[in-house]
Amino acid sequence: MRTISEQARSSALAVQTKRFVMKCGGSTLAALPDSFYAQLRHLQAEGTMPVIVHGGGPAISSMLDKLGIESEFIGGLRKTNEAVLDVVEMVLAGQINKQIVRRLNGIGAAAIGLSGTDGGLIQAMPVANADEVGYVGDVTQVNAELIEGVMALQYMPIIAPIGLDSNGQRYNINADTAAGAVAAHLGVEQLLVITDVPGIMKTEQGIKTVLPVVTTSAIEAMIASGEIYGGMIPKVRAAMQCMKGGVKEVIIADGAEPNVLRRIMAGESIGTRIVQ
């Protein structure tokens, strides 16, 4: 007799022939229209399964302010002690994750919310500068079998980026980093980063334009020159890291672009495509 996990893997291979990982900030997802969620539902119905990894920085900051808990950023990472970590988990795995699931289920999609702590989904270790930033983690392993099992049941996995180490310590993980790791461990060819900007911008003679294609070496040069800065840095760093894990391309695009997901799936050039 086959085990449940064996049945799930078999069903996943038989039913889902195509999937992609999508990272989206919690505030971006909240602001996107119903038509964006309808695209996710249509893709799921047509046999292309999205795996969504979401963030939630602004909502976390808002809750910390309400609770009177101080928070600061060091090198783009939120300094995270146990008090901050409680709020991070509450907002990401509770508030935002369930808002996304409710919205998808409400339009007829089938979605299940997961935290990285569920079933050892995201295993983590402290980042290199943990002495400065506290309980912020890097991903060491992703339980891809669990995600495959959820997809085999025809549910869209919605993942909050909280990790656990071997001792049960929780870690706050950057959503871009988590999405890149999920994409690499699932073996998908494409990671989509849906944001509120049209892609990676380049300024020439005072005019900003979107770079349709950019290589990883060009990205390093743009970071060094300051052309890529702020919140775009962790996005492109995570993109380059997951490409080392086998992902062929990362697309950064504006979620407000009409039919953005369906157009990307159809091969249309939207946003910025990062390649080796």
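The model shown is predicted, which means the values in this text are computed figures rather than measured ones.

Notes on the pattern of salt bridges
When the charged atoms of two side chains lie near each other, side chains of opposite charge can form a pair.
Part 1 of the reasoning: Applying the stated criterion to the full structure yields 14 salt bridges.
Part 2 of the reasoning: Here E82 makes a salt bridge to R170, at a shortest N to O gap of 3.0 Å. Remark: R170 occurs in strand β10 (residues 170-172) and E82 occurs in helix α5 (residues 82-106); sequence separation between them is 88 residues.
Part 3 of the reasoning: Judged by its relative accessible area of 35%, E82 falls in the partly exposed class.
Part 4 of the reasoning: Across the salt bridge formed by E227 and K202, the nearest N and O atoms sit 3.1 Å from each other. A residue pair is termed long-range when its members are at least 10 positions apart, and E227 in the loop between α9 (216-225) and α10 (232-244) and K202 in strand β12 (residues 201-204) qualify at 25 residues.
Part 5 of the reasoning: Residues participating in the shared-partner salt-bridge network are E82, D86, E89 and R170.

Here we look at the UniProt feature "site: Transition state stabilizer" (unreviewed entry) in the chain
Part 1 of the reasoning: Here the UniProt feature "site: Transition state stabilizer" (unreviewed entry) sits at K23 and K235. The named residues occupy 213 residues along the chain; their greatest pairwise C-alpha distance, 9.5 Å, places them in one compact cluster.
Part 2 of the reasoning: The class for K23 is buried, based on a relative accessible area of 7%.
Part 3 of the reasoning: Beyond its immediate stretch of four places on either side in the chain, K23 contacts V53, A175, D176, A179, L191, L192, V193, I194 and K235.
Part 4 of the reasoning: The residue K235 is located in helix α10 in this model.
Part 5 of the reasoning: Classification of K235 as buried rests on a relative accessible area of 14%.
Part 6 of the reasoning: Setting aside its immediate chain neighbours within four residues, K235 contacts K23, D176, V193 and T195.

A closer look at the UniProt feature "binding site: substrate" (unreviewed entry) in the chain
Part 1 of the reasoning: In the numbering used here, UniProt assigns the feature "binding site: substrate" (unreviewed entry) to G56, G57, R78 and N172. Taking the farthest pair of C-alpha atoms as the criterion, the annotated set spanning 117 residues converges on one region, since that pair is 11.8 Å apart.
Part 2 of the reasoning: Mapped onto the elements, G57 comes out in helix α4 (residues 57-67).
Part 3 of the reasoning: By secondary structure assignment, the location of R78 is in strand β4 (residues 77-78).
Part 4 of the reasoning: Judged by relative accessible area, R78 falls into the buried class, the value being 6%.
Part 5 of the reasoning: Ignoring anything within four residues of it in the chain, the contact list for R78 reads G57, I60, S61, L64, S71, E72, F73, V84, V133, V136 and N172.

Reading the values: the criteria
Residues numbered from 1 in each chain as written. Predicted model: local features only at pLDDT ≥ 70, side-chain atom pairs only at ≥ 80, totals over all residues. Heavy atoms only, no water. Salt bridge = Lys/Arg side-chain N within 4 Å of Asp/Glu carboxyl O. Helix = DSSP H or I, 4+ residues; strand = E, 2+ residues; numbered from the N terminus. Buried < 20%, exposed > 50% of the residue type's maximum accessible area, 1.4 Å probe, protein only. UniProt positions renumbered as here; feature names shortened; annotations may be inferred. Contact = heavy atoms within 4.5 Å.

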